[in-house]
Amino acid sequence: MASPAVKKAISEAALQYQKPEGKVFEYGTAGFRMKADLLNTVVFAVGLLAGLRSKKLSGQWIGVMVTASHNPAEDNGVKLVDPMGEMLEAEWETYATKLANAPLDKIADVYDELVKEIDVKMTNPARVVFARDTRASGSRLVGVLNAALTATQVEFIDFKYMTTPQLHYVVRCKNTLGTQYQYGEPSELGYYQKLVDSFKKVMRGVKVQGSLTVDCANGVGGPKLRELIKLLDTPLDIKVINDDVINPDSLNFECGADYVKTKQRAPPSSKAGPLDRCASLDGDADRLVYYFSDESNVFRLLDGDRIATLAASFIGDLARSAGIASKLKIGVVQTAYANGASTDYIEKVLKLPIICTNTGVKHLHHAALRFDVGVYFEANGHGTVTFSENALKAIKNTEPQSPAQQHALECLQALTDLINQAVGDALSDMLLVEAILAHKGWTPKEWLGTYTDLPSRLVRVEVNDRSIFKAYDAERKLESPAGLQGKIESLQSRYHKGRSFARASGTEDAVRVYAEAASRSEADDLATRVANAVREAGTDGQQA
Ligand SMILES: CC(=O)N[C@H]1[C@@H](OP(=O)(O)O)O[C@H](CO)[C@@H](O)[C@@H]1O
Ligand SMILES: [Mg+2]
């Protein structure tokens, strides 16, 4: 039970805020995310829950990240990070939703009910670390978080500005400090040092060709990348662009990974020439996509599917050279949004198993852990590679019989440090891609040449109530509204290599339609037709 003093402190602190009328909050794919003006009471609730989560886990550090990633500058959001740097456990999402929707004059009672329901030992310590991206509303929201943590007597550290993956890193470091699993120094400098040291090891004997232009979405990734570059005295010529964090409106505006992926074009500000290697981060630097203009000035995208195939093929080759391929189950995790050509390439050329999961990295991460080396990326560029205990042991304990084998083992060892094990991380993924291209001696052109993407189209359809769109089979099919799935299947069967699906977005009030087919016009046509069918099904109820 919460003490009367704590309940009183919660009630008093809560009274400073006002709940937006008629708004129902839900902890979704990426925590809570909406217009920043509406978030005070939500952040307050998340602060309360973070303390409870830590107490429930005997005082392990819990993270709170204030960010709305690739959303417009006026939005913001908040999400919780579990002790090993993973996303919040699913069951606790419902507690977050419950607390966020509690009326303010009852919030202390709802908090107390949760303490009983979850069976939290209130005498346990509670520890929280938090950080935020560069959004203007961040400082106000961090103030609210501070008020909730103070009211519930939680020990906390404010890491100020950080990328989302940096905060995940710090959480994992804090909770493994002094153990045999110590992940690194729990500081921003510790994060850079780990990346820089491992990158140097991976790069032994190889050289990066040409420069890399990195578009930082005018978000927190810009200043952080500059810090990383300062420490990276390895020859890597990085040109940082779109790193304006002074003008708050520039965040994600006509730049960033989401812009590049959805518009399938480079940011207009890009001055890169033909065949120049370019990359874009998103607003909180957990997504990365690569691209370039070819000789005919045609834009070429190298998205998350490409990063996954590149990483899987490289790690597979290394495991063979290291003589441990038979001990490692390497697999790839994708979502329905993965381009069909990438799926084909993984199955037929790389000959690796694939798991398809629901959208949202927590689903992919979870599935990746079923492999010794689990390569997971969403097509939009969010992902990483996980290594199992068994993989780490095999890499560490194998006695090399030749210099080549030793080199491969050392390279694999360094990769386990270079790759962020907690969560997808644009800066870490970028160094990974640079290292692989250097090892393979590839320009982006050779990388693109591994397979040919099927033309695809993503359409956003606004409907009255997206909750009626219920998906199954890793969101590749719809069970309701009745009859819609049949229509989609009949439409896609009319196109060569046609594949289409629709699902309710977890982060926006819309239904997303994806379509791919053998040609651009067929993919566009299929997307339009399925979108029309979705629109009709979404308004049927109202017309009747
Ligand atoms: C098609 C697409 O890109 N969907 C995104 C988007 O989810 P939706 O549930 O589709 O809104 O935001 C998620 C959180 O950032 C991200 O994980 C996911 O990949
Ligand atoms: Mg992001």
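Numbers given to residues run from 1 along each chain, matching the order in which its sequence is written. Chain A is the first chain written and ligand 1 is the first ligand written, with later ones labelled in order. With pLDDT at 70 or above as the cut-off, local features in this predicted model cover only qualifying residues; side-chain atom pairs require 80 or more to be listed or tallied, and sums for whole chains, interfaces and linings still use all residues. Hydrogens and waters are ignored; side-chain quantities use all the structure's heavy atoms.

## Examining the overall build of the chain
Secondary structure elements are taken from DSSP: a helix is a run of H or I of four residues or more, a strand is a run of E of two residues or more, and numbering for both begins at the N terminus. Within the chain, the secondary structure is distributed over 18 helices and 19 strands. Computed over the C-alpha atoms, the radius of gyration of the chain is 23 Å, within 12% of the 24 Å expected from 2.2 N^0.38 for a compact globule of 544 residues. Projecting the C-alpha coordinates of the chain onto the three principal axes gives extents of approximately 65 × 65 × 45 Å. Contacts are assigned to residue pairs that have any heavy atoms within 4.5 Å of one another. Once local pairs closer than 6 in sequence are excluded, the contacts in the chain between residues at least 24 apart make up 70%. Treating the 64 positive side-chain charges of the chain as one cloud and the 68 negative ones as another, the clouds have centres 2 Å apart. A radius of gyration in this sense is built from C-alpha atoms; the matching globule rule multiplies 2.2 Å by the number of residues raised to 0.38. Positive charges come from Lys and Arg alone, negative charges from Asp and Glu alone, with His and the N- and C-terminal ends not counted. To locate a charge, the coordinates of NZ of Lys, CZ of Arg, CG of Asp or CD of Glu are taken.

## Overview of the side chain of Thr163
With respect to the element layout, Thr163 can be found in the loop between strand E5 (155-161) and helix H6 (164-176). In this structure the side chain of Thr163 is engaged in a polar contact, spanning 3.1 Å, whose partner is the backbone nitrogen of Gln166. Setting aside anything within four residues of it in sequence, one finds Thr163 in contact with Met65, Val220, Gly221, Lys224, Asp284 and Ala285. Here a polar contact is recorded for every N or O atom pair within 3.5 Å, except that within protein the pair must consist of a potential hydrogen donor and a potential acceptor, and residues adjacent in sequence are included only if both atoms are side-chain atoms.

## Observations concerning the site of ligand 1
By convention in these notes, a residue is near a molecule or strand provided one of its non-hydrogen atoms lies within 4 Å of it. Asn380, Ser505, Gly506, Thr507 and Arg512 are the nearest of the 14 residues found near ligand 1. Asn380 has a polar side-chain atom sitting 2.7 Å from an oxygen atom of ligand 1. In this structure, Arg503 approaches ligand 1 through a side-chain N or O atom, which is 2.7 Å from an oxygen atom. All accessible areas in this document rest on Shrake-Rupley with a 1.4 Å probe, and a residue is counted as covered only by the protein chains that are shown. The protein chains hide 90% of the 440 Å² of surface that ligand 1 would expose on its own. Polar here means any residue outside two lists: the nonpolar Ala, Val, Leu, Ile, Met, Phe, Trp, Tyr, Cys and Pro, and the charged Asp, Glu, Lys and Arg; Gly therefore counts as polar. Tallied by class, residues from the shell around ligand 1 come to two nonpolar, eight polar and four charged.

## So, the sheet that holds strand E8 (residues 277-281)
Strand order in the open sheet formed by five strands is E7-E6-E8-E9-E10, and the pairing between neighbours is mixed. At either margin of the open sheet sits one strand with a lone partner, and together these are strand E7 (238-241) and strand E10 (299-302). In this sheet, adjacent strand axes meet at a mean angle of 25° when their direction is disregarded. Paired strands, in this sense, are two strands between which DSSP finds at least two bridges. Pairing of strand E6 (residues 212-215) with E8 involves four bridges; the strand directions are parallel. Here an angle of 0 to 180 degrees is reported between the N-to-C directions of two axes, which are lines fitted to C-alpha atoms, with helices fitted over the stretch in contact.

## So, the coordination of the magnesium ion (ligand 2)
Binding of the magnesium ion (ligand 2) to the protein goes through Ser69 (OG), Asp282 (OD), Asp284 (OD) and Asp286 (OD), at separations of 2.0 to 2.2 Å. Taken in sequence order, the residues that donate to the magnesium ion (ligand 2) follow the motif S-x212-D-x1-D-x1-D. Side by side, Asp284 and Asp286 carry an identical accessibility label, which is buried. Sites may look incomplete because water is not among the atoms; the donors themselves are N, O and S atoms within 2.8 Å of the metal, or within 3.2 Å for Na, K and Ca. Burial classes: relative accessible area under 20% of the type maximum marks a residue as buried, over 50% as exposed, and values in between as partly exposed (1.4 Å probe, protein chains only).

## A look at the packing of helix H7 (residues 188-202) against helix H15 (residues 426-440)
Each pair of packed helices can be summarised by the angle the axes make with each other and by the distance between the axes. At a minimum axis separation of 10 Å, H7 and H15 run at an interaxial angle of 10°. Overall, the two elements H7 and H15 adopt an arrangement that is roughly parallel. Taking contact as the criterion, the partners of Tyr191, Leu195, Phe199 and Val202 in H7 are, on H15, Leu427, Ser428, Leu431, Ala435 and His439. Looking at the contact of H7 with H15 residue by residue, the class counts come to seven nonpolar, two polar and no charged. With respect to orientation, any angle under 35 degrees is reported as roughly parallel, any angle over 145 as roughly antiparallel, any angle of 65 to 115 as roughly perpendicular, and every other angle as oblique.

## Structural notes on unusual backbone geometry
Look at the link from Ser480 to Pro481: it is a cis peptide, with omega at 0°. In this structure, Pro481 sits in the loop between strand E17 (477-480) and helix H17 (484-492). Phi angles above zero are rare outside glycine, and Asn297 is one such case at about 65°. Tracing the chain through its elements places Asn297 in the loop between strand E9 (288-293) and E10. Phi at Asp473 is positive, roughly 55°, even though this residue is not glycine. Along the polypeptide, Asp473 turns up in the loop between strand E16 (470-472) and E17.

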